[in-house]
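These are the residues of each chain, in order.
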Amino acid sequence: MMVSQETLPKKGVIMVMLDTLMDKPFQQALEQEDLSVLPYFMDRGEYYPRVVAPYPTMSVNVESTLLTGHYPDQHRVPALAWFNQKENRLINYGTHVLEMRKLGLSTCLYDSFYRLNQEHLSSDVKTIHEELADQGLTSASINPLMHKGNVPTTITVPSLIRLFVSLEKNIEISAADKFVYGRLANLSPLKKYSRLWNKYGFNNKFSIQEFSHLVKNDTIPDFSFVYLPDHDKNVHKRGPMDTKGIKDMDKQLKPLMDAFPSWEEALKNYIWIIIGDNGQSGVQKDKNKALVDIRKLLQPLKITKLRKGVQNDDQVVVASNLRSCFIYTLKPDEVPVTEIAEKLQTDSRVEMAAWKSEGWIHVIKGECNETFTFKEGGSMKDEYKQTWEIDGDHSLLDLSITENVIEFGDYPDALKRLHSALHSHEGEFVVTSVKPGHEFISESTPKHPNGASHGGFHKNDSFIPMLVTGTDAAPDFLRIVDLKKWILNLIQSA
């Protein structure tokens with residue numbers, strides 16, 4: 001009796017996250033570039049081109065949502081940059097080195113190395129790594145920023161870094177069973193690709209080297225999460241249709257596949273998930289048109305300076321996440337969030353600005369006098385079976401409504417993603433994003449004119465592709481927030 005591939009026993013699930021993989025350039029690369037690994041997977045798997053990422057579309061938010069199965073209103077990691085009201089300071093996990101230097105490099109690095117996973121990620125939700133450990137199963141985390149698990153682990157800060165920052169050599173954390181975090185925590189004895197000029201191992205080749213070590217030693221756990229970060233910078237520089245980075249990733253995946261007895265064995269014995277993290281929107285070449293200076297829009301309000309921190313006479317704090325931005329009022333009686341929103345409304349490049357008040361979410365857009373409000377519960381149901389009460393001009397979020405059923409257009413899962421962003425942390429603030437072609441700038445933020453950027457609310461930033469082999473099972477919905485439940489089911493049924 002022949003046994004189908006679907007009924008063969010699986011050893012586990014291997015998820016490879018290719019930073020900034022997007023459908024259109026991926027399809028172009030498949031047609032025009034000389035690829036080997038990715039077409040091999042495509043010919044043998046199911047391809048889902050439009051999986052919805054959480055908002056803001058930044059890596060830490062995406063990874064937190066993936067690992068916990070919750071949006072940021074539950075996992076409490078709002079974005080790459082946000083204002084911590086309890087500590088009265090701006091958190092920045094690494095938008096740009098100039099911002100980090102002004103905020104304090106030691107503080108920012110400790111936020112990234114320790115607080116992000118061990119304190120900022122809510123203890124009320126469990127990651128895939130934690131849940132598998134509770135079941136007596138094992139997992140690997142190879143280079144993602146988010147990696148919280150149950151296993152006591154030490155990361156070792158390189159001596160050259162400690163020359164410039166006041167960090168302890170050893171930082172104790174809890175992570176996955178098999179844990180790689182650049183050169184700070186590695187599995188292979190090899191030192192290749194982990195020098196200073198290799199970003200201390202935070203690169204594709206090091207991730208491949210480290211996971212290949214598990215393959216060659218036959219120690220692949222029940223779930224592996226392998227992160228390849230390099231393509232992000234290619235797209236930032238060259239624009240969303242860059243395919244060189246995809247070609248590079250395909251080439252880099254080959255030694256990983258070759259580490260198995262055969263490519264056929266790799267796909268037969270494991271369920272593979274190849275996935276992006278967020279999309280990017282092209283940014284116009286003309287800086288004057290492309291870059292939206294949030295400081296000018298907020299004039300004459302006094303904005304907190306990065307180096308000084310919050311001062312008594314400051315009125316607002318700006319946390320810029322490339323194409324999105326959190327803007328906090330420090331004096332709600334003096335500067336209500338509605339005043340901030342009105343200032344944003346004067347610029348036609350502002351795609352959306354939203355804030356919460358008395359249980360409702362209020363939405364406006366640049367150079368438009370219409371408003372839209374919504375809240376959870378009610379008679380309206382969206383395509384994800386979430387219910388809402390709405391009022392005002394729903395075209396602001398490009399919603400289509402037929403017989404109390406909501407469908408999404410340019411802003412996938414718009415209501416839940418926006419609601420979760422506004423409930424992701426404490427404070428009175430406005431969250432806003434700009435239209436494709438544009439990017440927010442503020443003090444020392446990175447700029448990508450004639451390139452591309454992400455973080456935004458638009459579908460360009462929000463849809464990512466996913467390629468799956470070894471199973472016919474699909475998630476309940478094609479959103480990153482739904483993948484944890486699906487992955488756990490795949491592992492438990494293997």
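Residues numbered from 1 in each chain as written. Predicted model: local features only at pLDDT ≥ 70, side-chain atom pairs only at ≥ 80, totals over all residues. Heavy atoms only, no water.

Participant: Honestly, the overall build of the chain in this entry has me stumped. Any pointers?
Facilitator: Looking only at helices and strands, one finds 18 helices and 24 strands in the chain. Expected size for 494 residues packed as a compact globule is a radius of gyration near 23 Å; at 22 Å, the chain falls within 12% of this value. Viewed in the frame of its principal axes, the chain has a C-alpha envelope of about 70 × 60 × 45 Å. Contacts in the chain between residues at least 24 apart in sequence constitute 69% of all its contacts with a sequence separation of at least 6. If you average the places of the 57 positive and of the 65 negative side-chain charges in the chain, the two averages end up 8 Å apart. (Helix = DSSP H or I, 4+ residues; strand = E, 2+ residues; numbered from the N terminus. Rg over C-alpha atoms; globule rule 2.2 N^0.38 Å. Contact = heavy atoms within 4.5 Å. Lys, Arg positive; Asp, Glu negative; His and termini not counted. Charge placed at Lys NZ, Arg CZ, Asp CG, Glu CD.)

Participant: How do you make sense of the nonpolar core when you look at a structure like this?
Facilitator: The tendency in soluble globular proteins is for nonpolar side chains to be buried as a group. Judged by nonpolar contacts, the single largest core of 75 residues is most densely connected at Phe374, Leu397, Leu418 and Ile487. Counting residues per element, this core draws most heavily on helix 18 (residues 483-493), which supplies six residues. If sequence neighbours within four positions are ignored, phenylalanine 374 has contacts with Gly359, Trp360, Ile361, Val363, Trp388, Glu389, Ile390, Leu397, Leu415, Leu418 and His419. Counting residues in each nonpolar core, the second largest holds 36 residues, with Phe26, Ile142, Ile246 and Leu467 among its members. (Core = buried A, V, L, I, M, F, W, Y, C linked by side-chain atoms within 4.5 Å. Buried < 20%, exposed > 50% of the residue type's maximum accessible area, 1.4 Å probe, protein only.)

Participant: How should I be thinking about a nonpolar patch on the surface in this particular structure?
Facilitator: On the surface, a cluster of nonpolar side chains totalling about 650 Å² of accessible area is made up of Leu160, Leu163, Phe164, Leu196 and Trp197. Structurally, the position occupied by phenylalanine 164 is in the loop between helix 8 (159-162) and strand 7 (170-175). (Patch = residues over 30% accessible without salt bridge, like charges linked within 9 Å, V, L, I, M, F, W, Y side chains within 5 Å. Areas by Shrake-Rupley, 256 points an atom, 1.4 Å probe, with all protein chains shown as cover. Salt bridge = Lys/Arg side-chain N within 4 Å of Asp/Glu carboxyl O.)

Participant: Help me understand unusual backbone geometry in this model?
Facilitator: Peptide bonds are trans in most cases, and residues, glycine excluded, mostly fall at negative phi. Geometrically, the link from tyrosine 55 to proline 56 is a cis peptide bond, its omega value of -5 degrees lying close to zero. Mapped onto the elements of the fold, proline 56 is located in the loop between strand 2 (46-52) and helix 3 (59-68). The residue after glutamine 299, namely proline 300, is reached through a cis peptide bond having omega 5 degrees. Positive phi values are uncommon outside glycine, yet threonine 20 reaches one of about 65 degrees.

Participant: Help me understand the pairing of strand 10 (residues 270-275) in this model?
Facilitator: Walk down a regular strand and you will see the side chains alternate between the two sheet faces. In terms of burial, strand 10 is a largely internal element, six of the six residues being buried. Neither face of strand 10 is exposed, since Tyr270, Trp272 and Ile274 on one face and Ile271, Ile273 and Ile275 on the opposite face are all buried. Sheet topology note: the strand 1 (residues 12-18)/strand 10 ladder contains six bridges and is parallel. Opposite glycine 12, over in strand 10, you have tyrosine 270 as the bridge partner. As paired strands, strand 10 and strand 24 (residues 463-469) are joined by four bridges and run antiparallel to one another. Following the sheet pairing, isoleucine 273 is matched in strand 24 by valine 468. (Pairing = 2+ DSSP bridges.)

Participant: Sorry if this is basic, but what is going on with the pattern of salt bridges here?
Facilitator: Two side chains carrying opposite charge are able to pair once their charged atoms lie near each other. Following the criterion strictly, the structure yields 23 salt bridges and no others. Of the charged contacts, one joins aspartate 73 and lysine 416 as a salt bridge, the two residues approaching to 4.0 Å between their closest N and O atoms. One end of the pair, aspartate 73, is in helix 4 (residues 72-75); the other, lysine 416, is in helix 16 (residues 414-422), with 343 residues separating them in the sequence. For the residue pair aspartate 73 and lysine 416, the accessibility class agrees, reading buried in each case. Linking lysine 485 and aspartate 476 is a salt bridge whose minimum nitrogen-to-oxygen distance equals 2.9 Å. Accessibility assignment for this pair places lysine 485 and aspartate 476 in one class, exposed.

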